[in-house]
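Topology and contacts: notes
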Amino acid sequence: MNFVGSHILSVSQFEREDVATVFAVADKMEPYAHRRKVTRVLEGAILGNMFFEPSTRTRVSFGCAFNLLGGEVRETTDIKASAIAKGESFYDTARVLSGYSDVIAMRHQLEGSVAEFASASRVPVLNGGDGANEHPSQALLDLYTIQNEIAGQGKDIDGLRIALVGDLKYGRAVHSLCRLIMLFNNIQFTLISSAGLRLPENYVEELRSRGHTVNLSDQLEEGIGQTDIIYLTRTQEERFPSQDEANKYRGLFRLNQAIYTKYCEPNTVIMHPLPRDSRGEASELDNDLNENPNLAIFRQTDNGVLIRMALFALVLDVVDQVDKHGRDVGWYTEKRF
Ligand code: CP
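Residues numbered from 1 in each chain as written. Predicted model: local features only at pLDDT ≥ 70, side-chain atom pairs only at ≥ 80, totals over all residues. Heavy atoms only, no water.

**Here we look at the packing of helix α1 (residues 16-28) against helix α6 (residues 136-151)**
For any two helices packed against each other, one specifies the crossing angle of their axes together with the interaxial distance. Short version of the rule: Think of each axis as a best-fit line through the C-alpha atoms, taken over the contacting stretch in the case of a helix, with angles from 0 to 180 degrees between the N-to-C directions. Helix and strand definitions here come from DSSP, where helices need a minimum of 4 consecutive H or I residues and strands a minimum of 2 consecutive E residues; each element is numbered from the N-terminal end. Orientation labels follow simple angle bins: below 35 degrees gives roughly parallel, above 145 gives roughly antiparallel, 65 to 115 gives roughly perpendicular, and whatever is left gives oblique. Residue contacts follow a heavy-atom distance rule, with two residues in contact if any of their heavy atoms lie within 4.5 Å. Amino acids outside the nonpolar list (Ala, Val, Leu, Ile, Met, Phe, Trp, Tyr, Cys, Pro) and the charged list (Asp, Glu, Lys, Arg) are all regarded as polar, and Gly is one of them.
Axis separation between α1 and α6 bottoms out at 11 Å; the angle between their running directions is 75°. With respect to their mutual orientation, α1 and α6 come out roughly perpendicular. Across the interface between the two elements, Val 19, Val 22, Phe 23, Ala 26 and Asp 27 of α1 pack against Leu 140, Leu 143, Tyr 144 and Gln 147 of α6. Split by residue class, the contact of α1 with α6 holds seven nonpolar, one polar and one charged.

**Things to note about α1**
Which entries qualify depends on this criterion: Given the number of residues in a helix, its expected span is that number minus one, multiplied by 1.5 Å. Burial status follows relative accessibility: with a 1.4 Å probe on protein chains alone, a residue under 20% of its type maximum counts as buried, one over 50% as exposed, and anything between as partly exposed. Note that the arc is defined by the directions from the helix axis to the C-beta atoms.
Here α1 contains 13 residues, and its C-alpha end-to-end distance of 19 Å stays within 8% of the 18 Å for a straight helix at 1.5 Å per residue. When α1 is considered as a whole, its buried residues turn out to be Asp 18, Val 19, Val 22, Phe 23, Val 25 and Ala 26. Viewed along the axis of α1, the buried residues span an arc of 165°, placing them on a single side of the element.

**Notes on unusual backbone geometry**
In the segment running from Leu 274 into Pro 275, the intervening peptide bond is cis, with an omega of 0°. Take Pro 275: it is sitting in the loop between β10 (269-271) and α12 (297-315). Of note in the backbone geometry, Arg 35 takes a positive phi value of approximately 65° without being a glycine. Here Arg 35 is to be found in the loop between α2 (30-33) and β1 (37-39). What makes Arg 35 partly exposed here is its relative accessible area of 22%.

**Focus on the sheet that holds strand β6 (residues 161-165)**
Within a sheet, neighbouring strands are paired by backbone hydrogen bonds and run either parallel or antiparallel to one another. The condition is simple: The criterion for strand pairing is that DSSP finds at least two bridges linking the strands in question.
With respect to topology, five strands assemble into an open sheet ordered β8-β7-β6-β9-β10, the strand pairing being parallel. Lying at the two open borders of the sheet, with one neighbouring strand each, are β8 (213-217) and β10. Across the sheet, the mean angle from the axis of one strand to that of its neighbour is 15°, orientation sign disregarded. Pairing of strand β9 (residues 229-232) with β10, which is carried by three bridges, proceeds in the parallel orientation. Bridged to Ile 230 within β10 is Ile 270.

**Concerning the pairing of β6**
Spelled out, the test is: A crossover gets the label right-handed when its path from the first strand over the helix to the second runs clockwise, viewed with the strands pointing away from the viewer.
Extensive coverage of β6 is indicated by the burial of four of its five residues. Taken together, the five bridges between β6 and strand β7 (residues 188-192) define a ladder with parallel strand orientation. Its bridge partner lying in β7, Ala 163 is registered against Thr 190. Crossover β6 to β7 through helix α7 (residues 172-181) is right-handed. In terms of strand pairing, β6 meets β9 through four bridges, oriented parallel.

**Observations concerning the site of the ligand**
What counts is decided by this rule: Any residue with a non-hydrogen atom lying within 4 Å of a molecule or strand is treated as near it. Within 3.5 Å is the distance limit for a polar contact, defined as a pair of N or O atoms, with the added protein rule that one can donate a hydrogen and the other accept it, and that residues adjacent in sequence qualify only through two side-chain atoms. To be clear on the numbers: accessible area is Shrake-Rupley with a 1.4 Å probe, and residue cover counts the displayed protein chains and nothing else.
Contacts to the ligand come from Ser 55, Thr 56, Arg 57, Thr 58, Arg 107, His 135, Gln 138, Pro 273, Leu 274 and Pro 275. Within the side chain of Arg 107, an N or O atom sits 2.9 Å from an oxygen atom of the ligand. The backbone of Pro 273 places a nitrogen or oxygen atom 2.9 Å from a nitrogen atom of the ligand. Burial of the ligand by the protein amounts to 91% of the accessible area it has alone, namely 260 Å². Its residues assigned to classes, the shell around the ligand shows three nonpolar, five polar and two charged.

**Remarks on the packing of aromatic side chains**
So the rule is basically this: When the centres of two rings from Phe, Tyr and Trp lie within 6.5 Å, Trp using its six-membered ring, the rings pair. Their planes under 30 degrees apart give stacked, over 60 give edge-to-face, and anything left gives tilted. Counting as a charge over the ring demands two things of the Lys NZ or Arg CZ atom: a distance within 6 Å of the ring centre and an angle within 35 degrees of the ring normal.
Tallied over the entire structure, the rule returns six aromatic pairs. With centroids separated by 4.9 Å and ring planes inclined at 55°, the aromatic side chains of Tyr 170 and Phe 240 adopt a geometry described as tilted. Remark: Phe 240 occurs in the loop between β9 and α10 (243-247) and Tyr 170 occurs in the loop between β6 and α7; sequence separation between them is 70 residues. Since its relative accessible area comes to 9%, Phe 240 is described here as buried. By way of ring pairs, the aromatic residues Phe 62, Phe 66 and Phe 312 are connected into one cluster. The ring of Phe 62 has Arg 308 lying over it, and the distance from NZ or CZ to the ring centre is 4.9 Å.

Below, the structure is given as structure tokens:
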């Protein structure tokens, strides 16, 4: 695809070579994301960071990524703080905000909302999550993390064995990740969920039609045995018709160190898009795994900055100028990556 000036709304836009392009640019961003160098390549540019639904990682890392490229960030963090609460349409909001910004990142609770907004925007729009539909930058950072984690084991994405666990019905990160991984060859998907929260059938059919293996299970222990990656998810309570309905699924699939030791291969990588639900009755990913070296959740969040820097650099066509505007940092940088 031609990234320059494009909206990034769905992983369906990508071919395999596009994923490789994003990952190669993300690699190039490493000294800047890890604070060894600074670049001012986007000096003067403005990101409109429009988050109409709660977020910690996606909102802040989009903002950090833009700042690390030298740009400025203006943001909305709540629908109540925007004129959408007064009945303004996506069309008008997009026309207005795209006059103030050079690129926009947006999250909204409605499926298709970011695409509707983008159709009226005069600048590229990056989807930061639209309801239960898609979360493309999350899928890219997840797959980038997977590639990096398994490379040390002499594996690549072709032939990957991945178990997706939990709320596969409403989890947009899972939906985008499935669509992205299906570009590769011979993937073994194990889908572990309650019957009521299964991956929607159209995704399962798509995976199978591309020749991948799909196993369904409602037993965590049975499903995680022979996998390279366990990808856990939170029950997306905010998408359920009622709290009572969501409560039925809370805490059904929990990974802790004892289960990991008993059932998983020694190098199985543990992932989660976060936030994990750390309330006792949920706790899908136990704190007793925090020191497990195969827990990759905070490497995922760190990688989010590299991937989002790469997307901005590609969409705004500055990949080749990043280093020209770069220099070493002048402040103390603790080794933290
Ligand atoms: N993974 C993710 O989308 O996290 P936030 O909701 O904190 O952005």
